[in-house]
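Here are the chains, one letter per residue:
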Amino acid sequence: MCLFLRLIAMQEESSCDVLELRVRELEAIIKLHDLSSKAPINFHSLNKDGLIVNINQNELDLLGYTREEIVDKLNILDILSPESRVVFTYNFPKFKIQGFANHLELDLIKKNQQILPVVINSIALYDPMGCFTHSISIVIENTRCRETQTRSTESREEFQQLFRNMPSGFAVHEMITDDKGIPIDYRFIEINPAFEKLTGYSRNDIIGKRVLEIMPQIEYSWIERCGLVALTGTPIEFENYEESLNKYYQVYAYQPKAGHFATIFSDITDRKLMEISLQKSEDKYRQLFEFLPVGITISDLKGNILSGNKEAERLLKLSVKDQSTRTLDDSRWKIIRRDGSAMPSEEVPGMMALKQMKRIENVELGIIDEEENKTWLNVTAAPLPDKDGVIVAYLNINEEVEREKRLSEYSDQLKEANTMKDQFLSIIAHDLKNPFNSIMGFSDLLVNNLDDYDHEKVRRFISIIDQSAKHTLELLDNLLVWTRSQLGGLSFTPSAINLVDIILENVNLVISQASQKGIQIVVKPVPDIFIQADKNMINTIVRNLLTNAIKFTPLNGMVVVSVNEDPNHIELSIKDSGVGIKPENLEKLFKIDNKFTCVGTANENGTGLGLILCKEFIEKHGGTIKVDSTFGIGSDFTVLFPKDHIIEIV
């Protein structure tokens, strides 16, 4: 409880002796967070950005929030009135340097939007390098200030104890001026033990004495600088090298009262020597960096490119100056994956390394320059040692990519050839054999038992033999055409043909097949359309699509054939009221390496080869084929011939 009273004591007066206000090392002396939940006062802690990282139950009750609603969720600015936000924003940077804030009057906004006037006293905590980490604050309702002032008197000695134990050097001085008010010297009023330790001067040697008595070699610029603080009240922060002590100090000076200045300083000699050493190392390795045979770029935490070497300029085809106007995921980069698709920003190695703060290795990507030239790179990115950016390394892999591309093409060709062979053998061994088995089986039954069968059974057997023979003929025809196509023996000889005549001819060929199932074929009337195309191929396309539609349409169904024309396409549609195709099977159509067949509604067999032929012949004419199908309702196969590829005959 006494520790909270130390903070509350800062409420007494904003101009109290600064020796009692320097308590930034409170965390090193006590575990304040452990006590905060038990203390009957209002307590919270902020990080360096003002985010509320701790708060006790008293203050939660006062504001009306739960811990889950506020801790690591709200910034202190979120619960301040607009006027108080301005005050806080102005004072917070100074507080980080000064180390304490005394009697800061603010208006908090409760969860129910009521205004709560408060007085806040805060101390700052720092890491071993002297960097601000977070604050500890006591929040007092304005109506309780008098009670706080009474308590502050009791805690004066405790503040003195904290002051004596702080590790930063602290001193208060009285400025001495000439008769014109120009600073010429200053006198030591008070110092703490850390001052003695950091400078080597004892309290007895300097208290009450002038600086020129103690350090006659001191530069006048130092006195002049501190004089401005003492006389104007403008605080300053700077680094200072004291030649007599051969030490570097980080110094903050401010005016505790008119004509006086106080200094808070830390020994940064080790850090400065390290910086000097690092500068020498940087100069030493800069030349090595420039001439590495690996492209290197360095970015900050936002992905802004800061620097790069000559190899990076060559690989990215962009000067370092131009690179510095971009981020690692800038939209002006044209970055693609190995498959040629655009690489999204979240997959860019440098951005991944930034987001995950870990090494991302061996990502292969392509960079396309303004002239559409492509450079393939193997990229590795890793956070910088101090985690304030990333370093990205590029290796040229153009030759490797080209080699793999050729191997992939050879592999695809070999795979396609093997698939063709397997499919060919499968058709011969299975699809061609089955109908012959049917023909031979039923013909054998007729030969041996003709006298025993009635007329109806003989008719049924002959009908089965007829269907099997027709299926075999259709299969052989498609097989021979497909084989010639694959072997390059099928010529493409376009000529002027009437598409409507082709449709009617093929409808007449399949009309008997449709009649056997009671299927009506409707050809929507359309004027003659003459196109420049290969007649045999167009015949094959139309015949196969009609046969398929009849095969998968149930008894008494309907097949509708239509031709439409727009400014860009000639569209042939063959729509049936058949069984339809399940969505998962649609993508299996037209693929030789993914054989997909179904039995027709009258148990007709198929190989899937007809649709493959259709697709190949349509593509030879620059067209496309698409399928709209609903399982159980029917399918619509639509062929689109582009007019800019197929010359329309007037």
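Predicted model, so just to flag it, every value in this text is computed and none were measured. Along each chain, residues carry numbers from 1 onward, in the same order as the chain's sequence is written. In keeping with the model being predicted, local features are shown solely for residues with a pLDDT of at least 70 and side-chain atom pairs are shown and tallied solely at 80 or more, while totals for entire chains, interfaces and linings include all residues. Side-chain figures throughout are based on the complete set of non-hydrogen atoms in the structure, without hydrogens or water.

1. Thoughts on the overall build of the protein
Right, so step 1: For the purposes of this entry, the term helix denotes a DSSP run of H or I that reaches at least four residues, the term strand denotes a run of E that reaches at least two, and both are numbered from the N terminus. Per the secondary structure count, the protein includes 23 helices and 24 strands.
Right, so step 2: Burial classification: accessible surface area is computed with a 1.4 Å probe over protein chains only, and a residue below 20% of its type maximum counts as buried, one above 50% as exposed, and the rest as partly exposed. Classification of the 650 residues of the protein by burial places 45% in the buried group.
Right, so step 3: Considering only contacts within the protein whose residues lie at least 6 apart along the sequence, 57% involve residues at least 24 apart.
Right, so step 4: The protein chains shown are the only cover counted for residues, whose accessible areas, like all others here, come from Shrake-Rupley with a 1.4 Å probe. Accessible surface for the protein amounts to roughly 34700 Å². Of this, 53% is attributable to carbon and sulfur atoms. Whether two residues touch is decided by their heavy atoms; if any such pair falls within 4.5 Å, the residues are in contact.

2. So, the sheet that holds strand β1 (residues 42–47)
Right, so step 1: The strand order across the open sheet formed by five strands is β2-β1-β5-β4-β3, and the pairing between neighbours is antiparallel. The sheet is open, and its two edges are formed by β2 (52–55) and β3 (100–109), each paired on a single side. When strand polarity is set aside, the average angle formed by the axes of neighbouring strands in this sheet is 30 degrees.
Right, so step 2: All axes here are fitted lines through C-alpha atoms, helices being fitted over the stretch that makes contact, and every angle between N-to-C directions spans 0 to 180 degrees. In this fold helix α6 (residues 82–98) packs onto β1, β3, β4 (115–126) and β5 (132–141), with an angle of close to 155 degrees to the strand it touches most, β3. In short, DSSP must find at least two bridges between two strands for them to pair.

3. Details of the packing of aromatic side chains
Right, so step 1: Aromatic contacts are taken between Phe, Tyr and Trp rings whose centres are within 6.5 Å, Trp giving its six-membered ring; a plane angle under 30 degrees counts as stacked, one over 60 as edge-to-face, and the others as tilted. The final tally for this structure, using the stated rule, is 14 aromatic pairs.
Right, so step 2: Note on F95 and F132: the rings are 6.1 Å apart at their centroids and 75 degrees apart in plane angle, and the pair reads as edge-to-face. Of the two residues, F95 is situated in helix α6 and F132 in strand β5; the sequence distance between them amounts to 37 residues. Take F95 and F132: they sit in the same class, and that class is buried.
Right, so step 3: Both rings, one in Y241 and one in Y248, keep their centres 4.7 Å apart while their planes meet at 40 degrees; by these two values the pair is tilted.
Right, so step 4: Relative accessible area serves as the criterion here: at 36%, Y241 is assigned to the partly exposed category.
Right, so step 5: These aromatic residues form a ring-pair network of at least three members: Y186, F188, F195, Y249, F261 and F265.
Right, so step 6: Criterion for a charge above a ring: Lys NZ or Arg CZ within 6 Å of the ring centre, and within 35 degrees of the ring normal. In this structure, R225 is placed above the aromatic ring of F238, and the distance from its NZ or CZ to the ring centre is 4.2 Å.
Right, so step 7: In this structure, K582 is placed above the aromatic ring of F631, and the distance from its NZ or CZ to the ring centre is 5.3 Å.

4. Observations regarding unusual backbone geometry
Right, so step 1: The phi angle at K387 is positive, at roughly 60 degrees, despite the residue not being glycine.
Right, so step 2: The residue K387 is located in the loop between β15 (374–383) and β16 (389–396) in this model.
Right, so step 3: The phi torsion at N556 lies on the positive side, around 65 degrees, for a residue other than glycine.
Right, so step 4: Summarising the element assignment, N556 is placed in the loop between α21 (535–551) and β20 (558–565).

5. What about the pairing of β15?
Right, so step 1: Counting buried positions along β15 gives nine out of 10 residues, so the element sits mostly inside the fold.
Right, so step 2: One ladder, built from seven bridges, connects strand β14 (residues 360–368) with β15; its direction is antiparallel. Within the sheet, the bridge partner assigned to V363 lies in β15 and is V379.
Right, so step 3: Pairing geometry for β15 and β16, over seven bridges, is antiparallel. By the bridge assignment for β16, V379 is matched with Y394.
Right, so step 4: The loop that links β15 with its antiparallel partner β16 comprises five residues; one of these, K387, has a positive phi angle of about 60 degrees.

6. Focus: α6
Right, so step 1: Here the expected length of a helix is defined as 1.5 Å per residue gap, with one fewer gap than residues. With 17 residues, α6 should reach 24 Å at 1.5 Å per residue; the first-to-last C-alpha distance of 24 Å fits that figure.
Right, so step 2: At F92, α6 shows its strongest bend, of approximately 35 degrees, with the proline P93 following within four residues.
Right, so step 3: All of the buried residues in α6 are S84, F88, F92, F95 and Q98.
Right, so step 4: Against the buried residues of α6 lie β1, β3, β4, β5, β9 (247–254) and β10 (260–267).
Right, so step 5: Count one or two residues on from α6 and you reach G99, which has phi positive near 95 degrees. Two axes enter the definition of the bend at a residue: one is fitted to the seven residues ending there, the other to the seven starting there, and the bend is the angle between them.

7. Overview of the sheet that holds β16
Right, so step 1: Spatial strand order, β12-β11-β16-β15-β14-β13: six strands in an open sheet with antiparallel pairing. Two strands bound the open sheet, and with one partner strand each, they are β12 (305–308) and β13 (334–336). On average, each strand axis in the sheet is tilted by 35 degrees relative to the strand beside it, whichever way the strands run.
Right, so step 2: The pairing of strand β11 (residues 295–300) with β12 spans three bridges and is classified as antiparallel. The residue of β12 that forms the bridge with S299 is I305.

8. A few points about the confidence of the model for the protein
Caution applies to low-pLDDT parts of the model: their predicted coordinates are not meant to be read in detail.
Right, so step 1: Looking at the protein as a whole, its pLDDT mean stands at 80, while 81% of the residues score no less than 70.
Right, so step 2: Confidence drops under pLDDT 50 across residues 1–36; counting only partners more than four residues distant or on other chains, this segment forms 116 contacts. pLDDT measures the predictor's confidence residue by residue and takes values from 0 up to 100.

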